[in-house]
Amino acid sequence: MKLALLGPEKRTYSELRLLKECKQIFDTVTYFPIQKVVIEFDGELSVIYRGKNILDYDAVLPRIPRSYLHFGLTVLEMLKGTGIKMPIAPEAVLHTHNKFLTLILLARHEIRIPKTYLSLKRKALEFVLENVKYPVVLKTVYGCMGKGVMFADSKESAISIMDLLENLHQPVFVEEYVKNPGEDIRAIVVGERVVAAMKRKAKAGEKRANIGVGGIGENYRISEEESELALKAARALQMGIAGVDILPGKKRPCVVEVNVYPGLKGIEAATGVNVAKEIACYMLDLCSK
Ligand SMILES: Nc1ncnc2c1ncn2[C@@H]1O[C@H](COP(=O)(O)OP(=O)(O)O)[C@@H](O)[C@H]1O
Ligand SMILES: [Mg+2]
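Quick notes on the rules
In this convention, every chain numbers its residues from 1, walking through the sequence in written order. All chains are assigned letters beginning with A, and all ligands numbers beginning with 1, in the order in which they are written. pLDDT decides what is reported in this predicted model: residues at 70 or higher carry local features, side-chain atom pairs at 80 or more are listed and counted, and totals for whole chains, interfaces and linings draw on all residues regardless. Derived side-chain values reflect all non-hydrogen atoms in the structure, with water molecules and hydrogen atoms excluded from consideration. Donor atoms: N, O and S within 2.8 Å of the metal, or within 3.2 Å for Na, K and Ca. Because water is excluded, sites can look incomplete. Strands here are runs of E lasting at least two residues and helices are runs of H or I lasting at least four, both read from the DSSP assignment and numbered beginning at the N terminus. Exposure classes here rest on a 1.4 Å probe applied to the protein chains alone. A residue is buried below 20% of its type maximum, exposed above 50%, and partly exposed in between. The criterion for a residue being near a molecule or strand is simple. One of its heavy atoms has to lie within 4 Å of it. Polar contact is defined as a pair of N or O atoms within 3.5 Å, subject to the rule that within protein one atom must be able to donate a hydrogen and the other to accept it, and that residues adjacent in sequence are counted only when both atoms are side-chain atoms. Per-residue and other accessible areas follow the Shrake-Rupley method at a 1.4 Å probe size, with only the shown protein chains counted as cover for residues. Throughout this entry, Asp, Glu, Lys and Arg are counted as charged residues, while Ala, Val, Leu, Ile, Met, Phe, Trp, Tyr, Cys and Pro are counted as nonpolar. The remaining residues, Gly among them, count as polar. Note that the domain bounds were set by an automatic or database domain assignment. Throughout, a contact is declared for two residues whenever any of their heavy atoms are within 4.5 Å.

A. Region of the structure containing the coordination of the magnesium ion (ligand 2). Summarising the metal site, the magnesium ion (ligand 2) is bound by the protein donors Asp245 (OD) and Glu257 (OE), whose distances to it range over 2.0 Å. Of this pair, Asp245 sits in strand E14 (residues 241-247) while Glu257 sits in strand E15 (residues 254-259); the two residues are 12 residues apart in sequence, bridging distant segments of the chain. The pair formed by Asp245 and Glu257 is uniform in burial state, with each residue classed as buried.

Okay, here's the thing in structure tokens:
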């Protein structure tokens, strides 16, 4: 079987790990740097890098950096209906790029999410600030790794953050604060299973639990309810691979984000699970379906 890995020119830990594990079980694995591929139409469609065509492969594993979202999406859309196996629906790349849209799609599938509001204008959302409990969360729609998540302790601070978002022509995204002790859960879904889960603890004085902003990950025995929630979220977004961020909540857990290309470094280190191998095996299974 032949696998194409479509990722950034500069490979990160995750791409290197995936390459290594995929090479153990596939006959051929080729890395296609997204910045270097050429989409061709010359009577037939092809996606070429150094004379190799992605369309000659059995499966493609995408890890497309956010900065190349639209080009990446063009490639994935082109591969639809060609028989090449993909672990995620191309739409999932677009949907999960927009955090707000992700939540709305999840809610449609009756998955618990925090109360959320979105507007281009701060004034339109001031009514929310009258009734909401503080702190309140403000986010950029396209942020990642904790960058773009802000907490306001009062209406006044919320307004000043909203002003900034409006001024930067960013949608104003307000979210109810889900009470938690500075901890969240990252569940990695591969196929029909949660293959690894970690609890991330925010550093002292910080509310964001992301490892990228100083959070510490530790292995976590995920509950049945949390596991079901993660699987349901991945299914709702048509993703066979997903990193689902869950907050335990007061009574029941809720999903705050779904990541289409979860980083493997933190989760492999915290859990000792060979997540890259799980993904490689899943890709091989896909090929035989
Ligand atoms: N509604 C919320 N209530 C409380 N904490 C939150 C909420 N949303 C996010 N957080 C905290 O901020 C972190 C980052 O938020 P998330 O939406 O996952 O964005 P990112 O893409 O930056 O990871 C979460 O892992 C969690 O620790
Ligand atoms: Mg997150």
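B. Spotlight on the site of ligand 1. In the neighbourhood of ligand 1, 25 residues make up the surrounding shell, with Lys99, Lys139, Gly146, Asp184 and Glu257 lying closest. Measuring from a nitrogen atom of ligand 1, one finds a backbone N or O atom of Val178 at 2.9 Å. Contact between ligand 1 and Glu257: an oxygen atom at 2.7 Å from a side-chain N or O atom of the residue. Within the complex, 99% of the 540 Å² of free accessible area of ligand 1 lies under protein. Of all the secondary-structure elements, those providing two or more residues to the shell around ligand 1 are strand E8 (136-144), strand E9 (147-152), strand E10 (172-176), E14 and E15. Residue contributions to the shell around ligand 1 peak at 4 residues, all from E8. Taken together, the residues of the shell around ligand 1 sort by class into 10 nonpolar, 4 polar and 11 charged. Both of domain 2 (96-111 + 180-287) and domain 3 (116-176) provide at least three residues apiece to the shell around ligand 1.

C. Fine view of the environment of Glu176. Following the sequence through the fold, Glu176 ends up in strand E10. With 47 residues separating them along the chain, Glu176 and Leu129 place their C-alpha atoms 10 Å apart. With residues near it in sequence (within four places) discarded, Glu176 still touches Pro114, Lys115 and Val137. Within the local environment of Glu176, its side chain forms a polar contact with the backbone nitrogen of Lys115, the two atoms lying 2.8 Å apart.

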